[in-house]
Amino acid sequence: MKTKLQKLKESKKRKRRLKIITLLGSVIIIAIIVGINISSNHKILLPTIKEEKTQIAEDKVEINNEIIETINEAEVVEVIETEKEAIKIKEIIEKTISENQLNETNFAFFYYNINSNEQYLYNENTYFTAASTIKVPIAMLYYDKINHGDVSLDTKLVYKSSDYEAGTGDTSATYKFGDYIPISFLLEEMIKESDNTATNILKRELGGEKAYRILIKQYTKDTLAEEFNTENVTSAKYSLDVLKRLYKDQEKYKDLINLMKESSSGGYLKKNIKEYEIAHKYGSIAGCTHDYGIVYYNENPYLVGVFTKNVPNAENLIAEISKTIIDNN
């Protein structure tokens with residue numbers, strides 16, 4: 001039989017348990033509610049983040065597509081323009097060939113636009129007697145030596161009797177055998193006046209005919225025929241490569257380019273063109289008449305070369321081709 005005191009203690013314990021259970025229940029309910037809210041918030045936020053990422057991705061795709069379309073349009077325009085340029089030059093040369101009975105035995109040509117890199121060549125690998133056009137790469141060898149510090153423009157070379165050769169220029173009239181002549185004088189006479197005696201002195205100092213032929217090969221990456229090693233020959237392709245190097249390194253060769261601008265007193269490529277500067281080197285010997293150079297046409301300079309063999313009035317033909325290109329540019 002429980003006493004009243006025992007009953008009272010048991011009643012208090014039940015009340016405490018009830019309070020604890022009630023409190024725990026409240027905590028669980030609150031936790032459940034908070035969990036639901038957190039979960040709900042995640043369900044709301046996640047789609048929003050996903051949507052933003054999707055929108056960013058779509059924007060990137062749209063921007064990229066616009067960039068790609070712009071690039072493609074630019075490429076198409078450039079291709080069209082350069083094709084037009086090549087076709088135009090080709091038409092000029094084909095007409096010239098037809099009207100003057102030219103062919104691969106007596107004519108070669110090159111054109112290269114420096115800004116667009118577009119080029120047109122006709123019969124570029126046939127060798128012609130180079131005549132004085134070979135004087136440009138010889139001069140380049142000397143400017144290379146000057147830039148390397150091997151010699152200077154004031155360095156003097158001896159004039160030997162074996163160096164004398166008839167032709168234009170003032171070397172033989174200014175100096176006598178045994179005299180020492182500054183390289184600056186010899187280079188000027190060789191390029192501006194096409195002086196053969198000055199050229200012979202410069203070639204001898206390089207080691208002679210065979211030696212200088214080997215040295216000037218460095219201005220092209222093409223494999224040249226054995227004929228190039230033993231004879232004074234050139235081709236349209238080799239000459240184009242020489243001018244490309246000359247223009248690319250024009251700061252190093254600026255003095256040479258200035259001499260070429262003063263060459264020929266207005267003949268050949270320059271003959272019918274007065275409004276634009278042309279740095280060039282002509283050559284003529286035994287029926288072979290050529291000219292090649294840099295035409296400073298506004299902001300669109302180009303390289304051009306014409307090579308002929310036994311072609312009547314070749315100098316005039318070169319002048320006409322040069323003027324026609326200018327007129328159609």
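Residues numbered from 1 in each chain as written. Predicted model: local features only at pLDDT ≥ 70, side-chain atom pairs only at ≥ 80, totals over all residues. Heavy atoms only, no water.

### Structural notes on the overall build of the protein chain
From N to C terminus, the protein chain includes 10 helices and 9 strands. The burial tally for the protein chain puts 40% of its 329 residues in the buried class. Split by element, the accessible area of the protein chain, about 19000 Å² in all, is 53% carbon and sulfur. (Helix = DSSP H or I, 4+ residues; strand = E, 2+ residues; numbered from the N terminus. Buried < 20%, exposed > 50% of the residue type's maximum accessible area, 1.4 Å probe, protein only. Areas by Shrake-Rupley, 256 points an atom, 1.4 Å probe, with all protein chains shown as cover.)

### Focus: helix 10 (residues 314-327)
Over its 14 residues, helix 10 extends 20 Å from the first C-alpha to the last, a length consistent with the 20 Å expected when each residue adds 1.5 Å. Listing the buried residues of helix 10 in full gives A314, L317, I318, A319, I321, S322, I325 and I326. (Expected span 1.5 Å × (residues − 1).)

### Quick word on the side chain of H280
Looking at the secondary structure, you find H280 in strand 7 (residues 278-285). Exposure remark for H280: the relative accessible area of 0% places this residue in the buried category. A polar contact is formed between the side chain of H280 and the side chain of D291, at a distance of 2.6 Å. The residues touching H280, leaving out its near neighbours within four places in the chain, are M260, S263, S264, G267, Y268, L269, K270, D291, Y292 and G293. (Polar contact = N/O pair within 3.5 Å; in protein donor to acceptor, adjacent residues only side chain to side chain. Contact = heavy atoms within 4.5 Å.)

### Considerations on the pattern of salt bridges
Should the charged atoms of two oppositely charged side chains come close, the side chains can pair. Under the defined criterion, the tally for this structure stands at 12 salt bridges. For the salt bridge of K252 with D144, the shortest nitrogen-to-oxygen distance reads 3.4 Å. One end of the pair, K252, is in the loop between helix 8 (236-248) and helix 9 (254-261); the other, D144, is in helix 2 (residues 135-148), with 108 residues separating them in the sequence. A residue is classified by how much of its surface remains accessible, and K252, at 30% relative accessible area, is partly exposed. Between E262 and K192 there is a salt bridge, with its nearest N and O atoms 2.9 Å apart. (Salt bridge = Lys/Arg side-chain N within 4 Å of Asp/Glu carboxyl O.)

### Describing the confidence of the model for the protein chain
Considering every residue of the protein chain, the mean pLDDT works out to 84; 75% of them sit at 70 or more. Long-range and interchain partners of residues 36-54, a stretch whose pLDDT sits below 50, account for 1 contact in this model, where long-range means more than four residues apart. Predicted confidence is poor over residues 56-82, with pLDDT under 50, and the contacts of this stretch with residues over four places away or in other chains come to 2 contacts. (pLDDT = per-residue confidence, 0-100.)

### Re the packing of helix 2 against helix 9
Contact pair helix 2 / helix 9: the axes reach a minimum separation of 10 Å and the direction vectors enclose 150 degrees. One finds that helix 2 runs roughly antiparallel with respect to helix 9. Here helix 2 and helix 9 pass one another in a crossing that is right-handed. Packed against helix 2, whose contacting residues are V136, A139, M140 and Y143, the element helix 9 presents D255, L256, L259 and M260 at the interface. Here the contact of helix 2 with helix 9 is composed, by residue class, of 7 nonpolar, no polar and 1 charged. (Axes fitted to C-alpha atoms, helices over the stretch in contact; angles between N-to-C directions. Parallel < 35°, antiparallel > 145°, perpendicular 65-115°, else oblique. Left-handed = near helix turned anticlockwise from the far one by under 90°. Nonpolar A, V, L, I, M, F, W, Y, C, P; charged D, E, K, R; others polar.)

### Describing the pairing of strand 1 (residues 107-113)
Among the 7 residues in strand 1, 7 count as buried, and that is most of the element. Residues F107, F109, Y111 and N113 line one face of strand 1 and the alternating positions A108, F110 and Y112 line the opposite face, and both faces are buried. Here strand 1 pairs with strand 9 (residues 302-309) via 7 bridges, running antiparallel. Each bridged residue has a counterpart across the sheet, and for Y111 the counterpart in strand 9 is V304. Following strand 1, the chain reverses through 5 residues before pairing antiparallel with strand 2 (residues 119-122); N117 in that reversal takes a positive phi of roughly 65 degrees. (Pairing = 2+ DSSP bridges.)

### Regarding the nonpolar core
Counting residues in hydrophobic clusters, the biggest one holds 52 residues, and the most contacted among them are F110, L246 and L256. Listing elements by their share of this core, those giving two or more residues are strand 1, helix 2, helix 4 (183-192), helix 5 (196-205), helix 8, helix 9, strand 8 (288-295) and strand 9. Beyond its immediate sequence surroundings of up to four residues, L256 is in contact with V136, A139, M140, Y143, I191 and L246. Among the nonpolar cores identified, the runner-up in size contains 27 residues, and F109, Y120, Y302 and I325 belong to it. (Core = buried A, V, L, I, M, F, W, Y, C linked by side-chain atoms within 4.5 Å.)

### Some details on the sheet that holds strand 7
An order of 2-1-9-8-7 is seen for the 5 strands of this open sheet, with the pairing classed as antiparallel. The outermost strands of the open sheet, each flanked by one partner alone, are strand 2 and strand 7. The average angle at which neighbouring strand axes cross in this sheet is 5 degrees, direction not considered. In this sheet, strand 9 lies alongside strand 8 in antiparallel orientation, the contact comprising 8 bridges. Paired with T289 across the bridge in strand 9 is T308. Lying on the sheet, helix 8 is in contact with strand 1, strand 2, strand 8 and strand 9; it crosses strand 1 at an angle near 30 degrees.

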